[in-house]
Amino acid sequence: MSRTQDQSQLSSALHLLHRAGQRADELFTARMGEKDLTPRQYAVLKAVASMENPSQTALVEYTGIDRSTIADIVRRLIKRGMLQRRRTAHDARMYAVKLTPSGREALEAAEPIAKATEEQLLSVLPAQQRSIVVQALSTIVDKLKIEANGSKGAEGAAASATGRRRRSSARQ
C-alpha cells in the first residue's frame, strides 16, 4: 500500500470518528479522576435515570451499547452499589434496573464533568460549526440504527463486531 493510500485511510470518516471517540473517552476519563466512572458507565447511569425501571434490553436500545457489554456494565455498577436489579413483574426472565442513592450521587457528580468534556471537545471548532457537527453525528446515529425487528444487515454485523471488540477490553 502506498503512503498516499495509508494517509487517505487515516483521514477516512470511519477512522476519524473512531479517533474522535477515543479522544472524548480520554478527556472524560481524565476529568473523572478518582471517581472511576467510564463514559459508558455514565451513559448507562444517565439512561437509567431517564427511564422508569428500564430492562437491560431497553438500555441496549437507548444507549446503542451491545447486550453483553450492557450486562457487564450493569453487573459492575450493581457491585459498586450504584444500581439495583430485580426481575420484572410482567416477565420473570427479564431484569429491571434502577439507580440507588449512590448511583444518583455518582451521576450528579459526573454530569458537570460530561458537560465540560463536551464543551472542550466542541471548543476546537468554530462556534458556527458546533451545532452542525452535533447534528451530523445525530443523523449518522439515527439513520444507521439496527432495525428494531432484529434484522441486522450490514449495520448489525458491524455492531456485533464492535461488541466483540468492546468485550475484549479490560474495563468497560
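What counts and how
Residues numbered from 1 in each chain as written. Predicted model: local features only at pLDDT ≥ 70, side-chain atom pairs only at ≥ 80, totals over all residues. Heavy atoms only, no water. Helix = DSSP H or I, 4+ residues; strand = E, 2+ residues; numbered from the N terminus. Buried < 20%, exposed > 50% of the residue type's maximum accessible area, 1.4 Å probe, protein only. Contact = heavy atoms within 4.5 Å. Salt bridge = Lys/Arg side-chain N within 4 Å of Asp/Glu carboxyl O. Phe/Tyr/Trp six-rings, centres within 6.5 Å; stacked < 30°, edge-to-face > 60°. Lys NZ or Arg CZ within 6 Å of the ring centre and 35° of its normal. Patch = residues over 30% accessible without salt bridge, like charges linked within 9 Å, V, L, I, M, F, W, Y side chains within 5 Å. Areas by Shrake-Rupley, 256 points an atom, 1.4 Å probe, with all protein chains shown as cover. Polar contact = N/O pair within 3.5 Å; in protein donor to acceptor, adjacent residues only side chain to side chain. pLDDT = per-residue confidence, 0-100. Expected span 1.5 Å × (residues − 1).

**Structural notes on the overall build of the chain**
For the chain, the count of helices and strands is 8 helices and 2 strands. Mapped in sequence order, the helices and strands of the chain form the string α-α-α-α-α-β-β-α-α-α. Buried residues in the chain amount to 26% of all 172 residues. Contacts in the chain between residues far apart in sequence, at least 24 positions, make up 53% of those at least 6 positions apart.

**Concerning the side chain of T100**
Looking at the element boundaries, T100 is found in the loop between β2 (95-99) and α6 (101-123). A relative accessible area of 9% places T100 in the buried class.

**Side note on the pattern of salt bridges**
Considering all chains together, one arrives at 7 salt bridges under this definition. Note that D72 and R76 form a salt bridge whose closest N and O atoms lie 2.9 Å from each other. Here R76 and D72 lie together in helix α5 (residues 67-79), a separation of 4 residues that amounts to about one turn. By relative accessible area, D72 is classed as buried at 15%. Under the relative-accessibility criterion, R76 is labelled partly exposed at 23%. Residue K115 is joined to E119 by a salt bridge in which the shortest nitrogen-to-oxygen separation is 3.7 Å. One end of the pair is K115 and the other is E119, both in helix α6 and 4 residues apart, which spans about a single turn. With relative accessibility at 46%, the residue E119 sits in the partly exposed group. Several salt bridges converge on common partners, so that one network encompasses D72, R75 and R76.

**Quick word on the packing of aromatic side chains**
For the structure shown, the criterion picks out 1 aromatic pair. Ring geometry for F28 versus Y42: centroids 5.6 Å apart, planes at 45°, classification tilted. Here F28 is found in helix α2 (residues 13-32), whereas its partner Y42 is found in helix α3 (residues 39-50), with 14 residues between them in sequence. Of the two residues, F28 and Y42, neither departs from the other in class, the shared state being buried. Between the NZ or CZ atom of R85 and the centre of the ring of Y95, over which it lies, the distance is 4.5 Å.

**Some details on a nonpolar patch on the surface**
Taken together, the side chains of L17, L137, I140 and L144 present a nonpolar region at the surface, about 330 Å² in accessible area. Structurally, L17 is set in helix α2. Accessibility expressed as a relative area gives 41% for L17, which makes it partly exposed.

**A closer look at the environment of E26**
As for its position among the elements, E26 is in helix α2. Residue classification places E26 among the partly exposed positions, given a relative accessible area of 44%. A polar side-chain atom of E26 sits 3.0 Å from a polar atom in the side chain of R23.

**Focus on the confidence of the model for the chain**
When pLDDT is averaged along the chain, the result is 83; 79% of the residues meet or exceed 70. The weakest mean pLDDT in the chain belongs to helix α8 (residues 153-168) at 46; the strongest belongs to α3 at 96. Within the model, the stretch residues 147-170 combines pLDDT values under 50 with 22 contacts to residues more than four positions away or in other chains.

**Re α3**
When the terminal C-alpha atoms of α3 are compared, their 16 Å separation across 12 residues agrees well with the 16 Å that a helix rising 1.5 Å per residue should span. Taken together, the buried positions of α3 are Q41, Y42, V44, L45, A47 and V48. Buried residues in α3 make contact with α2, α4 (56-63), α5, β1 (83-87), β2 and α6.

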